[in-house]
Every structure is written in C-alpha cells, then in structure tokens.
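The chain contents come next:
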Number of protein chains: 2
Amino acid sequence: MPTIPDRRVDGGPALSAPEAIAHRRATRRFDPARPVPDGALEQVLHLATLAPSGFNLQPWRFLVVRTDRNRQKLYECAFRQPKVAEAPVVVIVLGYHHPHRSHLDAMIEQQKTLGAIPESGVAELRARATRTMERVPDPALWATRSTMLAAATLMVAAESLGLASAPMEGFEPEKVKEAFGVPNDHSVCCLIALGFAAEEKPFPGRFGLAEVCFEEHFGQPWTLGESE
Amino acid sequence: MPTIPDRRVDGGPALSAPEAIAHRRATRRFDPARPVPDGALEQVLHLATLAPSGFNLQPWRFLVVRTDRNRQKLYECAFRQPKVAEAPVVVIVLGYHHPHRSHLDAMIEQQKTLGAIPESGVAELRARATRTMERVPDPALWATRSTMLAAATLMVAAESLGLASAPMEGFEPEKVKEAFGVPNDHSVCCLIALGFAAEEKPFPGRFGLAEVCFEEHFGQPWTLGESE
C-alpha cells in the first residue's frame, strides 16, 4: 500500500482531520492559473478509495477531467457554473450499480491475499454478497450511499493536503452521461472541483446538535452538550 | 463555533486526515466494557455536521442510541449483528427528505448573521433553493447523498480522535423506523457503531486507481500513477 501522505502541496504538514473538516469550504471560485500537481491528485484519489463500502465492493468510479476542452464540455452540462471551467481538475463522481457482478471475485481474492479472510470463508462471503446484492431494491441508491462516502473522504483528504474543493449537485445528469460516455449502470452522484481558491469563502453556519441529534428515539431532545 | 478538537481520547494528538482515513476499519467487534466519553461523542457529532450538503440544507439527523435496552432493540432490527449490542454507541443516520420546507429560513438567517450572504442575496437564494428542491425527482436519494457525506465525516473524525467505528447497511429499515419512531419523510441511510475495537482487523484491500479512475472519458485508462 502506498505510504500515508504527510505533507501539503505548500510543504507544510498535512492538517489534522478535525482541522481539515473545519477548514473545508464549498469553494466558489478557483484560480485557473494554479494547477494541481499530479502527485497530490494521486494522493487525494488514493485516499478517497480507502472509504468503506457495502461488502467492500467499492462502487465509486472517478472520471477525472483536466483538459480545457473537456472542462468546457462539462461546464455546458453544469449550468455554466464558472468554477467548472476555472478549476484545474473536476472529478465526475460515478456510482456503479452492480459491482458484485464484475468485481466480487477480484475483491475477495485481494482480501484473501492480504490475510483478511481465510480460504474457508471465501465461499460463504461470495454467496452472501451475491444473494444480498441481487436483492437490493434500488441499486442506484445502494451505489450512491457508498460512493458519497468516498466523495466526502476525497474532499477531507484534499483539504488536509492543501487543496480546495467544491462538491456540486447542479448539473444535468443525462447531459453529463451523454457527453462523457457514462453507461446506464452508473449514476452521476456529484461533481467535485479541485484546485486553489481564488477568494476566501466565509463559513455559512451549521445547525447545532440540538437541532440535528435525537436521543434514543426520533424527536427525543438531545441533552448532551455541544462540544466547546 | 466550538474550538477544533486536537486530542484523542487517549490523550495523544488528533490524527492527520490521511492517517485517520488510512487507519479506519469497519470494526467487527467492540469492547462493551469501554464507553465513549460524552465529550468525544459531542466532538465527533459536531465535526460530522461540518460536511457540505445541497444548499447547505443539512438533511442529516443523528438518532444516537446508547442505552442497553435500545441497543438491544436495534440489534433485533439489524439481523442480530453482535457489534450493535456490543458497541457503547450506535448512531442511526437518518436523511430528511425535504429540509427546505422547514429549515430553509433558519439556514439563510444563520448565513446572513455570519456575513456569508448579504441581505440583498437572501430573496434570490430562498427562491432558487425552493424552486430547485421542489423539482428534485427523488427526495430520498437527494437526502441520502448529503447525509452520507456527513456519515463519512463522522467516521473519519471518530478515527482521528481515537474511536473505532463501523458503518452498517445490514438492517431492516422498516423495522428500525417502527422501533424508533422515524417518520416516512426520513430515510435510514446507515447505522454507525462507535467505541473501542475488541480486536485488530486486517486491511481488506482496495482496487487501485487504474481500476476505479478514468481520464477525460468513461473507460479511458488512467495514465497517472498510484502515489507511493
């Protein structure tokens, strides 16, 4: 496994996870004159793949767009949001609906090679994963759940290594699929722009735990505090 | 805003984001004798709320289960996976389908108070958010996308502060909703157990970038490297 990155692109130490989580913003504008170094991009993508997923099936597929021509094409599919044309990298984050049909054996093989499953457990895992996955009522939803775990991991990783990011839902999925050749067994879960922010963006706020947490039952008020 | 946590529960420094991402495992078994300190739980939940979401609408709702009685009840809804009964905390991660109908004004007000939007931008944002959200074809999918961003953030935060976690899809959503009073306009996106691992879990492997990344077009091979 590659070594764990410990430096930002500006040479400083990688941010702690709480710092990266707290400093990350949905960047509005990117500096088109500042490219993302190849090494940093590989590190960010690799870290994203370390997210968990149902049965470790890893349904995420990252369609990485860097050329001017293709970023312009994507811009036209994304309501002409300036950041899509400005950011040096835009990742089209896809969720593959049924990786168990094509990648289950490879995943199990890798798990076995790493000693994470004994030979005696392989048949049971294969049978259980296949049975469960074939019964999933909404494969696009299943794929989206795990894929968004990787999307969040990508953005936290990027921030920790000194890169700005911006997740986007504002695009026309059918246009994106048509323009970039995405087949119907993949969902376009989101776009993520990466690069360097052109301006500071103020923190827009979040609801506190009293608003979004319940204790023991739906609607039961949160009585622990909000950490200070 | 609360201060950014910088210590683990064992007193050491909070892990870097790459370390937290790389060390996190889907914990199989938890030590039922080791509770999660209240302060650490608040910190982890607070950090989870810093995830991005569509229109900053924050559809996540964390139903936090800690009592023996309710963890046992949840265990019965989750195919009797031992970890649900063992882990001192299990978060039922819910996604609220239409927060724009109840929380849009409060979110905008907070944004204004923090200086993140001028008064002159409020009406346009309210109109655009309402219009867009009312046209969302699948509100449950919309809610799930953003909620899973918070779920991933929660797990990375937990790992960085010295807590083990385990995401779960293996539960019966209708049973969980019935047992915990969850209304129909919320999805049960996943469960996340938190606590201290009872055993080391080996890394099960991940596909490399050559498998999950495409360059510029679907199916076009990834030619950058895998970071070392």
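Coordinates for the structure precede this section.
Everything numeric in this text was worked out from a predicted model, so none of it was measured.

Peer 1: Give a description of helix 3 (residues 68-77) of chain A that names residues and reports values.
Peer 2: All names here are of chain A. When helix 3 is considered as a whole, its buried residues turn out to be Asn 70, Arg 71, Leu 74, Tyr 75 and Cys 77. For helix 3, the arc enclosing every buried residue in end-on projection is 160 degrees, short of the 170-degree limit, so these residues lie on one face. Opposite the buried face of helix 3, by more than 90 degrees, sit the exposed residues Asp 68 and Arg 69. The secondary structure elements touched by the buried residues of helix 3 are strand 1 (60-65), helix 4 (82-86), strand 2 (89-96), helix 8 (173-180) and strand 4 (186-195). In the segment just after helix 3, Phe 79 is the residue with positive phi, at about 55 degrees.

Peer 1: Quick rundown of the nonpolar core? Include the residues and the values.
Peer 2: In terms of nonpolar packing, the biggest core is built from 113 residues, with Leu41(A), Leu45(A), Phe62(A), Leu41(B), Leu45(B) and Phe62(B) touching the most fellow members. Non-local contacts of Leu45(B), meaning those with residues more than four positions away in its chain, are made with Leu209(A), Cys213(A), Trp222(A), Phe62(B), Val64(B) and Leu154(B).

Peer 1: Pulling in residues and values, what's your account of the packing of helix 2 (residues 38-48) of chain B against helix 7 (residues 139-160) of chain B?
Peer 2: Residue and element names in this part refer to chain B. Orientation of helix 2 relative to helix 7, taken along the N-to-C sense of each, is 140 degrees, at an axis distance of 8 Å. One element, helix 2, and the other, helix 7, form an angle in the oblique class. Between helix 2 and helix 7 the crossing geometry is right-handed. Contact residues: Val 44, Leu 45, Leu 47 and Ala 48 in helix 2; Ala 150, Thr 153, Leu 154, Ala 157 and Ala 158 in helix 7. Looking at the contact of helix 2 with helix 7 residue by residue, the classes come out as eight nonpolar, one polar and no charged.

Peer 1: Kindly report on the sheet that holds strand 4 (residues 186-195) of chain B, identifying the contributing residues and their values.
Peer 2: Strand order in the open sheet formed by five strands is 5(A)-1(B)-2(B)-4(B)-3(B), and the pairing between neighbours is mixed. Two strands close off the open sheet at either side, each with one partner strand: strand 5 (213-215) of chain A together with strand 3 (164-168) of chain B. Going from strand to strand, the sheet's axes swing by 25 degrees on average, the running direction of each strand aside. Relative to the sheet, helix 3 (residues 68-77) of chain B contacts strand 1 (60-65), strand 2 (89-96) and strand 4 of chain B, its axis offset from that of strand 2 of chain B by approximately 60 degrees. Lying over the sheet, helix 8 (residues 173-180) of chain B contacts strand 1, strand 2 and strand 4 of chain B, oriented at roughly 80 degrees with respect to strand 4 of chain B.

Peer 1: Account for the environment of Pro18(B), with residues named and values stated.
Peer 2: As for its placement among the helices and strands, Pro18(B) is situated in helix 1 (residues 17-23). Under the relative-accessibility criterion, Pro18(B) is labelled buried at 0%. For the pair Pro18(B) and Val156(B), spaced 138 residues apart in sequence, the C-alpha to C-alpha distance is 9.4 Å. Other than its neighbours up to four places away in sequence, Pro18(B) contacts Ile4(A), Pro5(A), Ala14(A), Leu15(A), Leu47(A), Ser160(A) and Leu161(A).

Peer 1: Report on the interface of chain A and chain B, specifying residues and quantitative values.
Peer 2: At the junction of the two partners, chain A supplies 97 residues and chain B supplies 97 residues. In total, chain A and chain B occlude about 8100 Å² of area from one another, counting both sides; carbon and sulfur atoms represent 65% of this. Its largest share of buried area at the contact with chain B, chain A owes to Arg206(A), Phe207(A) and Glu216(A), together 10% of the area lost on that side. The tally of links from chain A across to chain B stands at two salt bridges. We note a salt bridge from Arg145(B) to Glu169(A), for which the minimum N-O separation is 3.1 Å. In this structure, the connection of chain A to chain B is made through 41 residue pairs in polar contact (both at pLDDT 80 or more). Top element by residues in the side of chain A that touches chain B is helix 7 (residues 139-160) of chain A. It accounts for 14 residues.

Peer 1: Kindly report on the relation of the copies chain A and chain B, identifying the contributing residues and their values.
Peer 2: Laying chain A over chain B is done by rotating through 180 degrees and shifting 0.0 Å along the axis; what remains is an RMSD of 0.0 Å. Taken together, the rotation and translation describe the operation of a two-fold axis. A shared interface surface links the copies, since 100% of the contact residues of chain A are contact residues in chain B too.

Peer 1: Account for the pattern of salt bridges, with residues named and values stated.
Peer 2: Residues and elements named next belong to chain A. This model, assessed by the stated rule, comprises 24 salt bridges over all chains. Arg 80 serves as the salt-bridge partner of Glu 76, at 3.0 Å between the closest nitrogen and oxygen. Look at Arg 80 and you get exposed, because its relative accessible area is 51%. In this structure, Asp 105 and Arg 126 form a salt bridge, with 2.7 Å as the shortest nitrogen-oxygen distance. Remark: Arg 126 occurs in helix 6 (residues 119-134) and Asp 105 occurs in helix 5 (residues 104-113); sequence separation between them is 21 residues. Residue class for Arg 126 comes out partly exposed when judged on its relative accessible area of 36%. Several salt bridges share partner residues, and in doing so they unite Glu 109, Lys 112 and Glu 119 into one network.

Peer 1: Break down unusual backbone geometry for me, with residues and values.
Peer 2: Residue and element names in this part refer to chain B. Residue Asn 56 is not a glycine yet carries a positive backbone phi of 55 degrees. Despite not being glycine, Glu 216 has its phi angle at roughly 70 degrees, a positive value. In this structure, Glu 216 sits in the segment after strand 5 (213-215).

Peer 1: So what about the packing of aromatic side chains? Which residues, and what values?
Peer 2: Under the criterion given, the structure shown has two aromatic pairs over all chains. Taken together, a centroid distance of 4.5 Å and an interplanar angle of 50 degrees make the contact between Phe214(B) and Phe218(B) tilted. What makes Phe214(B) buried here is its relative accessible area of 12%. Stacked on the ring of Phe180(A), the Lys or Arg Lys73(A) has its end atom at 4.9 Å from the ring centre.

Criteria and thresholds
Residues numbered from 1 in each chain as written. Chains lettered and ligands numbered in written order. Predicted model: local features only at pLDDT ≥ 70, side-chain atom pairs only at ≥ 80, totals over all residues. Heavy atoms only, no water. Buried < 20%, exposed > 50% of the residue type's maximum accessible area, 1.4 Å probe, protein only. Helix = DSSP H or I, 4+ residues; strand = E, 2+ residues; numbered from the N terminus. Arc of directions from axis to C-beta. Contact = heavy atoms within 4.5 Å. Core = buried A, V, L, I, M, F, W, Y, C linked by side-chain atoms within 4.5 Å. Axes fitted to C-alpha atoms, helices over the stretch in contact; angles between N-to-C directions. Parallel < 35°, antiparallel > 145°, perpendicular 65-115°, else oblique. Left-handed = near helix turned anticlockwise from the far one by under 90°. Nonpolar A, V, L, I, M, F, W, Y, C, P; charged D, E, K, R; others polar. Pairing = 2+ DSSP bridges. Buried area = accessible area lost by both parts, 1.4 Å probe. Salt bridge = Lys/Arg side-chain N within 4 Å of Asp/Glu carboxyl O. Polar contact = N/O pair within 3.5 Å; in protein donor to acceptor, adjacent residues only side chain to side chain. Least-squares fit on C-alpha atoms with pLDDT ≥ 70 in both. Phe/Tyr/Trp six-rings, centres within 6.5 Å; stacked < 30°, edge-to-face > 60°. Lys NZ or Arg CZ within 6 Å of the ring centre and 35° of its normal.

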